[in-house]
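# Topology and contacts: notes
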Amino acid sequence: KFEDAMRIYYEILPFYEAPKLAYNKGIVLSSIAGILKTQNDLTGAKQYALESFRTMQKAASLRGEAITANNLGMIYYALNQKDSTYYYLNYALEIKRKQNDKKSIAASLSNLSSVYDKYQEFEKAIAALSECMTLQEEISDKRGLALSAITAGDLLSKSDKPEKAIDYYLRAYKTAA
C-alpha cells in the first residue's frame with residue numbers, strides 16, 4: 001500500500017540527516033516523489049524530487065543527480081512545463097554521457113523523444129530515437145530496439161515522411177523475430 005510505504009519513508013527520513021548519509025536521504029526523498037507522482041500529486045512529487053536533487057548534489061553523487069534530474073524532467077513533463085522538462089532531462093543525459101552508460105543514455109534519449117513528440121518536434125524526436133537505437137544495438141538490447149523502432153515508425157507516420165514509417169516497423173519485426 002502507498003500509505004504504508006509513505007509512513008515508513010517519513011519515519012526513516014530523520015535517520016539520514018548526517019552529511020555522510022546524504023545519498024541515502026536522496027534515495028528516500030526520490031522514492032517519496034515517485035509515490036506522489038504515481039498518486040498524481042505532481043506538486044508534492046516536484047517538491048520532493050527537487051529536494052532529492054539538491055541532496056544528491058550535496059552528496060556529490062553523479063549517478064544520484066542523473067536519476068533525480070531524469071525524475072524531475074518527467075514530473076515537469078507531466079506538469080506540461082516544457083523548459084524545465086528539457087533542462088532536467090538534458091542535465092541527466094549529459095551526466096550519463098560523461099559516465100558512458102550506454103543503457104542509461106538510451107533510456108534518456110527515449111524519454112526525450114517522447115517529450116519532443118509531445119511538443120511536435122518530430123525531427124528532434126526521430127534524431128533522439130535514432131541515437132537511442134544505435135546504442136541499443138551496441139548493447140544488444142533487442143527488446144528496447146524493437147520498441148524504439150515501433151515508436152520511430154509511429155512518429156514518422158505523423159510526420160511529413162510517413163512512407164519511411166514502414167522501414168522502422170519492419171526493423172521492429174526483424175529485431176523481435
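One can find the structure itself at the top, above this paragraph.
The text that follows walks through the structure, step by step, so that each part is easy to find.

### Topic: the packing of helix α6 (residues 102–118) against helix α7 (residues 122–138)
Two elements in contact, α6 and α7, have axes separated by 8 Å at closest approach and are oriented at 160°. In terms of axis orientation, α6 runs roughly antiparallel to α7. Along this stretch, α6 crosses α7, giving a crossing that reads as left-handed. Contacts from K102, I105, A106, L109, S110, S113, Y116 and D117 in α6 reach F122, K124, A125, A128, L129, E131, C132, L135, Q136 and E138 in α7. Its residues placed into classes, the contact of α6 with α7 shows 10 nonpolar, 3 polar and 5 charged.

### Some details on the packing of aromatic side chains
When we look at a pair of aromatic rings, we describe it by the centre distance and by the angle of the planes. What the rule picks out here adds up to 8 aromatic pairs. On the basis of an interplanar angle of 90° and a centroid distance of 5.5 Å, the ring pair of F53 and Y88 is categorised as edge-to-face. Of this pair, F53 sits in helix α3 (residues 42–58) while Y88 sits in helix α5 (residues 82–99), and the two are 35 residues apart along the sequence. This pair shows no difference in class: F53 is buried, exactly as Y88 is. Aromatic side chains Y86 and Y116 sit 5.4 Å apart centroid to centroid with 40° between the ring planes, which places their arrangement in the tilted category. You can see Y86 sitting in helix α5 and its partner Y116 sitting in helix α6, a full 30 residues away along the chain.

Rules used throughout
- Residues numbered from 1 in each chain as written.
- Predicted model: local features only at pLDDT ≥ 70, side-chain atom pairs only at ≥ 80, totals over all residues.
- Heavy atoms only, no water.
- Axes fitted to C-alpha atoms, helices over the stretch in contact; angles between N-to-C directions.
- Helix = DSSP H or I, 4+ residues; strand = E, 2+ residues; numbered from the N terminus.
- Parallel < 35°, antiparallel > 145°, perpendicular 65-115°, else oblique.
- Left-handed = near helix turned anticlockwise from the far one by under 90°.
- Contact = heavy atoms within 4.5 Å.
- Nonpolar A, V, L, I, M, F, W, Y, C, P; charged D, E, K, R; others polar.
- Phe/Tyr/Trp six-rings, centres within 6.5 Å; stacked < 30°, edge-to-face > 60°.
- Buried < 20%, exposed > 50% of the residue type's maximum accessible area, 1.4 Å probe, protein only.

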